[in-house]
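# Results of the structural survey
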Amino acid sequence: MDNQFLSSTDTVELFRQYVVPNYGRYSVNLVRGEGSTIWDAEGNKYLDLFPGWGCNLLGHCPEPVVKAVQKQVETLIHVPNSWHLESQGRWAQLLSERSFGGQAFFCNSGAEANEAAIKLARLHHGPSRYKIITFEGGFHGRSLATTTATAQPKYHEGLGPLVAGFQYAPHGDLEAVKQLIDDETCAIMIEPIQGEGGVRIPPAGFLQGLRQLANENDLLLIFDEVQTGCGRTGKWFGYQYFDVTPDVITLAKSLCGGVAGGAMLTTAEIAPSLRPGMHAATFGGNPIASAAGIATLEMIEQENLLDNVAVLAELFQSRFTELQKDCQWIKQVRVAGMMVGIELEVEGATVVQQCLERNLLINCTQGNVIRLLPAMNLTTEQANEGIDILSGVLRDLQA
Ligand SMILES: *Cc1c(COP(=O)(O)O)cnc(C)c1O
């Protein structure tokens with residue numbers, strides 16, 4: 001590769017001077033990606049099993065999305081939501097037809113989608129009912145309300161006073177939820193599978209139990225599908241993986257194939273509670289996001305990627321379960337479609353670092369859970385290559 005890029009070292013220096021240091025970043029300047037492969041400024045090539053922190057569910061630069069955005073950007077970049085935009089309407093229709101047949105509100109991120117859901121729940125039930133129950137280990141975003149909804153004390157430190165009205169239940173504990181519900185409760189909000197919380201799959205019957213409690217107490221059941229949505233689990237949406245229908249789902253991350261975009265979907269009965277003037281997102285459902293969102297859904301269908309997820313998930317499950325037998329560091333393997341969590345007996349940071357040194361990109365969350373969020377169009381060959389590298393690192397690990 002001819003090198004027209006700033007070196008990784010110089011890029012790090014640029015950040016040191018000019019970028020707010022609120023992220024832990026690797027000292028690598030990434031410059032180009034294609035599918036599950038990505039290159040840095042020095043020309044090093046990596047296999048990416050965590051593309052775009054879950055945003056690049058179709059890999060880097062998926063061709064149909066690239067083409068749709070290129071075409072759109074030459075025609076119309078932005079119009080405000082005071083007008084009608086055919087592609088936004090079409091996108092909403094495609095999402096509705098693949099979910100529970102409702103309506104969409106568009107925004108730009110997961111936090112914004114959850115903000116919309118929180119405001120909808122409060123507006124729907126009037127001013128006397130404002131409490132929302134969320135779950136320990138959950139993650140809902142970084143705005144003040146969604147940080148409050150995130151029941152992890154480490155994210156709250158120094159930020160108080162937080163937004164009133166959020167109550168936390170232990171994940172998987174129906175009885176605790178029941179105890180928290182009172183006549184001021186308006187909603188239950190949960191990720192069908194906790195992502196940042198460590199790829200935590202709920203115990204059998206738990207989500208069904210929440211549905212029942214919501215029905216009995218007239219609460220909105222909100223599924224935060226920012227990570228589980230859009231094909232990640234091998235179904236269009238995570239709720240379909242568990243066969244429980246919520247009243248609201250929120251989407252972002254992979255929604256537009258790597259382009260920024262978010263959405264909240266709810267039923268046509270509940271939707272009017274978010275009445276005109278009560279909520280907005282200036283860039284929500286803009287022409288570029290809409291074009292990318294439509295292209296994403298079409299690509300998943302045309303390339304039968306939901307089927308590919310089932311094949312790959314089986315491969316990850318069987319190979320890591322096999323590895324667990326002769327690797328003392330693996331406590332538990334959790335796989336749901338293209339969400340893979342390997343809980344270790346030890347801290348995972350060195351595993352991530354050693355994989356990086358062997359040109360494999362992965363993630364660690366909650367200190368000891370190795371997390372992979374591979375692209376749906378990963379090949380079996382690439383999956384095996386990644387598993388081989390990670391297995392080697394785990395086998396060689398000295399505690
Ligand atoms: C990433 C994530 C969010 C936050 O999304 P942003 O686009 O960063 O605001 C919310 N909920 C879940 C489940 C997530 O994984």
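Residues numbered from 1 in each chain as written. Predicted model: local features only at pLDDT ≥ 70, side-chain atom pairs only at ≥ 80, totals over all residues. Heavy atoms only, no water.

### Focus on the overall build of the chain
If you tally the helices and strands in the chain, you get 12 helices and 15 strands. For 399 residues, the compact-globule estimate of 2.2 N^0.38 gives 21 Å, and the C-alpha radius of gyration of the chain, at 21 Å, lies within 12% of that figure. Across its three principal axes, the chain shows a C-alpha extent of roughly 60 × 55 × 45 Å. Counting every atom, the chain has about 17900 Å² of accessible surface; 51% of that belongs to carbon and sulfur. For the chain, the centre of its 28 positive side-chain charges and the centre of its 44 negative side-chain charges are spaced 2 Å apart. (Helix = DSSP H or I, 4+ residues; strand = E, 2+ residues; numbered from the N terminus. Rg over C-alpha atoms; globule rule 2.2 N^0.38 Å. Areas by Shrake-Rupley, 256 points an atom, 1.4 Å probe, with all protein chains shown as cover. Lys, Arg positive; Asp, Glu negative; His and termini not counted. Charge placed at Lys NZ, Arg CZ, Asp CG, Glu CD.)

### Considerations on the domain arrangement of the chain
Taken domain by domain, the chain holds domain 1 (47-60 + 304-398) and domain 2 (76-302). Relative placement of domain 1 and domain 2: their C-alpha centres are 26 Å apart. Each partner contributes to the interface: domain 1 provides 27 residues, whereas domain 2 provides 31 residues. Both sides together, the interface formed by domain 1 and domain 2 hides about 2300 Å², and carbon and sulfur atoms give 60% of it. (Domains from an automatic or database assignment. Contact = heavy atoms within 4.5 Å. Buried area = accessible area lost by both parts, 1.4 Å probe.)

### Quick word on the site of the ligand
Every residue close to the ligand is listed here: S109, G110, A111, N114, F139, H140, G141, E191, D224, V226, Q227 and K253. Between A111 and the ligand, the recorded distance is 2.7 Å, taken from a backbone N or O atom to an oxygen atom. Between the ligand and Q227 there is a distance of 2.8 Å, counted from an oxygen atom to a side-chain nitrogen or oxygen. Burial of the ligand by the protein chains amounts to 81% of its free accessible area of 380 Å². When residues of the shell around the ligand are assigned to their parent elements, the largest contribution, 3 residues, is made by helix α4 (residues 110-125). (Near = heavy atom within 4 Å. Polar contact = N/O pair within 3.5 Å; in protein donor to acceptor, adjacent residues only side chain to side chain.)

### Observations concerning the packing of aromatic side chains
A full pass over the atoms with the stated rule returns 8 aromatic pairs. Pairing F135 with F206 gives two aromatic rings, centres 5.7 Å apart and planes at 85°, and the pair type is edge-to-face. In this pair, F135 sits in strand β5 (residues 131-135) while F206 sits in helix α7 (residues 206-217), placing the two residues 71 residues apart along the sequence. Connected via pairs of aromatic rings, a cluster forms that spans F100, F237 and Y239. Over the ring of W39 we find R32, and its NZ or CZ is 4.0 Å from the ring centre. (Phe/Tyr/Trp six-rings, centres within 6.5 Å; stacked < 30°, edge-to-face > 60°. Lys NZ or Arg CZ within 6 Å of the ring centre and 35° of its normal.)

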